[in-house]
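Architecture at a glance
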Amino acid sequence: MRVRATLLAGICASAIAFPAQAQDTDEDFADFDDPRLSSNVIIVTAQRQNQSLQEVPIAVSAFDSEALEAQQIENASDLQLTLPNVSFTKSNFTSASFTIRGIGDLCVGVTCDSATAIHTNGSPLFGTRLFETEYFDLERVEVLRGPQGTLFGRNATSGVVNVVTAKPELGTFAASGEFEYGNYNSIKAKGMVNVPLGDTLAFRAAGFYLNRDGYTTNLYDNSDIDGRDMYALRGSLRFEPTATTTLDLMAFYFRENDDRLRIQKQLCQRDPTGVLGCLNNRRDFDSTNANSTLATVLTSQELFRIQGIPDALALGSVYGPDGYANFDEPDDVRTVNTAFTPEYFADELQLQAHLDQAIGAMNLSLTGIYQETTVDSRQDYNLGVLDRTGYATGLNTLAFFAANGLPTGLAPPAPAFVPGSSAYFAPIADALIPNGPGGQLCTSDNDDGNLGAFEGNSLCADVPLAFDRSVQYQTSWSGEAILSSDFDGPFNFLLGGIYAETDVSENSYYVNGFGLDYATAILGTFSAFGAGAPPSYLATSMYRNNTTDFKLKSFGIFGEVYFDITDRLTFTGGLRYNDDSKSVSARTTLANFLNPFGNGDPFTSPFVGSFDADAGVPGNQLLQEREVSFDAITGRAVLDYEFSPDSNIYFSFSRGYKSGGINPPLSPVFAVSESFGSEQIDAFEIGSKNTFLNGAAQVNLTGFYYKYKDLQLSRIVARTSVNDTIDANIWGLELETILRPSYNWLINMNLSYLNAKVSGDQFFSNPRDPGGGDPDAVIIKDLSNGSLCAVTGAGANAFVGAVNGGLGLQGPTAFPSDGGIASTGAFSICSVLDAQTANPAFAALGPINVLSPGVEVNLKGNRLPQAPEYKASIGVQYTAEFDNGMSLVPRFDLAYTGEQFGNVFNGNVNRIEPFVQANASIQFNGADDRWFVRGFVQNIFDSNSVTGLYVTDASSGNFTNIFTLDPRRYGIAVGAKF
């Protein structure tokens, strides 16, 4: 396979350091004959072999260590500011989405595969924390755009990010260190030492440490939250016993323990009716209407009356003021008001071994990696403070019943209170209001298990708490073997295989709230009292989507052939067989069965037999257990024509694949598919890579068209992320340029256009508008479970009004005219409405339907989420060299990201505005680059750039979580090397 020396490392290796030599920059400004301009060859492994970047017929960008430093690329989030058609955002559940050409991690769940494969030294990573850590002591970062189904890992439908660590150098002692101080009291340190151990062995150790104050002010206690306290260590050993044998061993550990916010801010166009919580037209700095939430409807006077429970025990009315009615949401992305300080812990261990053995004209590569990851995060669920004033009547009544029992309502000599009934209320008061109705309110804590306030495990505060927790423990390993040739003739090949396993021993998402504890206790104790059961609550007292075990077993066999048809025309052909098997045990619980107070673990309750985690299997199951398998054959074909040693054009076709998965069980149960299918993508790409003017200019142009089948897409149903599949067509253009008018000047400019839309007729209900734009429909907030349904038909409003009258509820009401909702809304019970559609008394109203979760709308033509239509970036760097060997290097970078949407339903409420980010630095280098001093500023304009959205479900009030880039940062760094 031919290897040709070319310029730089694509879009971003443009900041490579050159030897500092004095010269007259004015005379040489347009000197294209300067040999230093074409002296660099950047090697990448995009085709699992070492090749110069400009030779590879793939859209690939590479950043070496100097480029990462110069462009202030500190982590994965920063990559999006330079790369065409690449975006990155944090997401709701301690994860992230790295999107390439409109394809990212739109699938949410423990059984989902990543669309963008993340690798370390070519090995696939699972659940990696590399999105939290910062880059240090790297050889380069490679980003491959487009499906890489033939060679890399377990397939990648959008692309690959390969982080290549710096390796030990034989026979050389070296060390370097860097210290940085910046605003927010940011302290960062990096270091490396390389130690030779004889002629054939070397050891390298590197690490970094970061500690800074939070970016976000918490008005509740005037503290700063969303800070960082993290470190990472890496040790590497290289052994070269012969010229044909290289063994690399690497151990890496990362740890973070701080108050990081998973979610930067919650936004809402407040719904005054309380049915939706948030409206459908825009995102305001406001809180959801708490009357729309599950905790409120389950503790409402209206539901208690329907259930025959004294409404004096209720915490309020869905028609009255809600807990956020008087809450002032700070009109600033960096300011919140929360009584719960966020907690964030993550760590990761990687152990990797890699052997390269030359066998004549062939090379055998063996790689294995073992990985352990943990992430555990808690924060305020609503990022707000609930008003407890409306709870007074209910809490006073609870205390009275706990002390006296239920009133009989009978005249003497009959007893005033039901004998023994106080025992049903005393455990509730003891757990939730231990210091009386005016004291602190206690909420179930959420450790690894289901033990809450009624088992003595609670958090208490002056205000009602509501918080969530996202936690996962995962281990993984993989082994890969590749045999490749380097024959002198026109034919070469690559043959390989990979096997990977991952095991998630715990994946849970909890939502805890004082209102949930109160509801499960009151509803449970009346159920137990009526049935003659011992005093009990409805378990679990917290919402928990719990995967107790997930296993993935995957293997692939792949190969490619490379044939030089002529001296200038090369053909590449590849095939791969993929096989993925998944098994999962899971359940979703909240208020499902009675558990006696003081019993302990709810799943040892004598009433647990009434719980069914799997409606699809006869009998009652404590866990839903599913197994699925997927296999596919993928491949690619490439024609690469070389016009000259500095210019080529290629055309490729590739088929990508991503395995399907299993949807979690729902509570309450809705009709959704138990599993979702595999993705398939047919990708066509044409590209040209060119170097001009003896290396002074590099221009790469790429065009692509994707035909996507069964793109996995997540939506919230019954408080749980479920995944569906849609079809999509995607096409776009990418222009990457690097200009060097002289050795001292460096200019990189990039442009991209992306058109990513849903194709064909695809029907789904919009969680923000279950009425689907139908003016005759009535959107129902279900008092029994907090979900939404839609009643449709010309007589829907009259029908709901009549049924609600019998339930003691109000009829439909209109939403505000600027809310983006054409339908009316009402509180009711969907199952009751559904049953009444068959009542002959309503026949005159015409056909009436009750649709859960709502009216389906056609998504055809909608743009895919996280797919900016336009992106552009420019970077300018100048090196001023002095006669004493020192140099001064200023650099400026500007990046524009165009309009995108955070949700496939599009619309103004889901629109993410375009944003601009600018960075600048100036670095003074000592002679021979032995030391430096650097000043820097990131996000010069202090933009609150939103990168992604997450819409919560109906039972949470449909508020929107947003994720942003960091605010303006500036500081100074000093470093030295030996």
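The shown structure was predicted, so the numbers you read here are calculated from the model rather than taken from an experiment. (Residues numbered from 1 in each chain as written. Predicted model: local features only at pLDDT ≥ 70, side-chain atom pairs only at ≥ 80, totals over all residues. Heavy atoms only, no water.)

On to the overall build of the chain. Scanning the chain from N- to C-terminus turns up nine helices and 53 strands. For the chain, the C-alpha radius of gyration of 31 Å lies close to 30 Å, the compact-globule estimate for 978 residues. Expressed as lengths along the three principal axes of its C-alpha atoms, the size of the chain is roughly 110 × 55 × 50 Å. Out of the 978 residues in the chain, the part that is buried amounts to 60%. By sequence separation, contacts in the chain at least 24 residues apart represent 70% of the contacts at least 6 residues apart. (Helix = DSSP H or I, 4+ residues; strand = E, 2+ residues; numbered from the N terminus. Rg over C-alpha atoms; globule rule 2.2 N^0.38 Å. Buried < 20%, exposed > 50% of the residue type's maximum accessible area, 1.4 Å probe, protein only. Contact = heavy atoms within 4.5 Å.)

On to the sheet that holds strand β40 (residues 813-814). Sheet architecture is open: five strands sit in the order β40-β41-β38-β39-β42, paired in mixed fashion. Two strands close off the open sheet at either side, each with one partner strand: β40 and β42 (849-851). Strands β38 (778-782), β39 (788-792) and β41 (824-828) of the sheet are contacted by helix α8 (residues 796-807), whose axis makes an angle of about 25° with β41. (Pairing = 2+ DSSP bridges. Axes fitted to C-alpha atoms, helices over the stretch in contact; angles between N-to-C directions.)

Counting buried positions along strand β8 (residues 138-145) yields seven of eight residues, so the element is predominantly enclosed. Pairing between strand β3 (residues 60-64) and β8: five bridges, direction antiparallel. Each residue of the ladder has a partner; that of Asp64, found in β8, is Arg140. Bridge analysis of β8 against strand β9 (residues 159-165) gives seven bridges, and the strand direction is antiparallel. What sits directly across from Arg140, in β9, is Val164.

Where side chains of opposite charge bring their charged atoms close, a pairing between them can arise. Overall, the coordinates contain 42 salt bridges when judged by the stated rule. We note a salt bridge from Lys188 to Glu74, for which the minimum N-O separation is 3.1 Å. Of this pair, Lys188 sits in strand β11 (residues 186-196) while Glu74 sits in the loop between α1 (65-70) and α2 (76-79), and the two are 114 residues apart along the sequence. Taken individually, Lys188 and Glu74 each receive the classification buried, so the pair is uniform in this respect. The shortest N-O distance in the salt bridge between Arg863 and Glu899 comes to 3.0 Å. Taken together, the residues span a long stretch of sequence, with Arg863 in the loop between β43 (856-858) and β44 (870-878) and Glu899 in the loop between β46 (887-897) and β47 (900-901) at a distance of 36 residues. In this structure Arg863 comes out as buried when scored by relative accessible area, which is 14%. (Salt bridge = Lys/Arg side-chain N within 4 Å of Asp/Glu carboxyl O.)

Core analysis: the biggest nonpolar cluster contains 45 residues, and Leu313, Leu398, Phe425, Tyr518 and Ile522 have the highest contact counts within it. Elements represented by at least two residues in this core include exactly α5 (392-404), α6 (422-432), α7 (514-531), β25 (536-539) and β28 (593-596). Among the elements that take part in this core, α7 stands out by supplying seven residues, more than any other. If you look at the next biggest cluster of nonpolar residues, it comprises 36 residues, including Ala67, Val86, Phe131 and Val143. (Core = buried A, V, L, I, M, F, W, Y, C linked by side-chain atoms within 4.5 Å.)

With that settled, the discussion passes to the packing of α5 against α6. The N-to-C vectors of α5 and α6 enclose an angle of 130°; their axes lie 7 Å apart at closest approach. Considering their axes alone, α5 and α6 lie oblique with respect to each other. Between α5 and α6 lies a crossing of left-handed hand. Across from Leu398, Phe401, Ala402, Ala403 and Asn404 in α5, the residues of α6 making contact are Ser422, Phe425, Ala426, Ile428 and Ala429. (Parallel < 35°, antiparallel > 145°, perpendicular 65-115°, else oblique. Left-handed = near helix turned anticlockwise from the far one by under 90°.)

On to a nonpolar patch on the surface. Taken together, Phe179, Tyr181, Ile187, Tyr209, Tyr231, Leu233, Trp931, Val933, Ile972 and Val974 make up a surface patch of nonpolar side chains, about 840 Å² in accessible area. Residue assignment for the nonpolar patch shows that the elements contributing at least two residues are β10 (174-182), β15 (228-242), β50 (931-938) and β53 (969-977). Examined against the element boundaries, Val974 turns out to sit in strand β53. (Patch = residues over 30% accessible without salt bridge, like charges linked within 9 Å, V, L, I, M, F, W, Y side chains within 5 Å. Areas by Shrake-Rupley, 256 points an atom, 1.4 Å probe, with all protein chains shown as cover.)

Right, let's talk about the confidence of the model for the chain for a bit. Looking at the chain, the pLDDT average stands at 89 and 92% of residues meet or exceed 70. Every residue in residues 1-30 scores below 50 in pLDDT, and together they form 112 contacts with partners more than four places removed in sequence or on other chains. (pLDDT = per-residue confidence, 0-100.)

Burial analysis of β9 places seven of its seven residues in the buried class, which makes it a mostly covered element. Here β9 shows two buried faces, one formed by Gly159, Val161, Val163 and Thr165 and the other by Val160, Asn162 and Val164. Alignment of strand β6 (residues 116-120) against β9, held across five bridges, turns out to be parallel. Among the inter-strand pairings, Ile118 is bridged to a residue of β9, identified as Val161.

Once that is clear, we can look at the sheet that holds strand β14 (residues 223-225). Sheet architecture is open: three strands sit in the order β14-β13-β18, paired in mixed fashion. Among the strands making up the open sheet, the edge pair consists of β14 and β18 (335-336). Relative to β14, strand β13 (residues 216-218) runs antiparallel, the two being bridged by three bridges. Bridge pairing in β14 places Asn218 opposite Ser223.

Below, the discussion takes up the state of the cysteines. A covalent bond between the sulfur atoms of two cysteines is referred to as a disulfide. If you walk through the whole model with that rule in mind, you get three disulfides. Paired through a disulfide, Cys268 and Cys278 show a sulfur-sulfur distance of 2.0 Å. Between Cys268 and Cys278, the S-S dihedral sits near -115°, and the bridge is therefore left-handed. You can see Cys268 sitting in the loop between β17 (265-267) and α3 (294-298) and its partner Cys278 sitting in the loop between β17 and α3, a full ten residues away along the chain. (Disulfide = S-S within 2.5 Å.)

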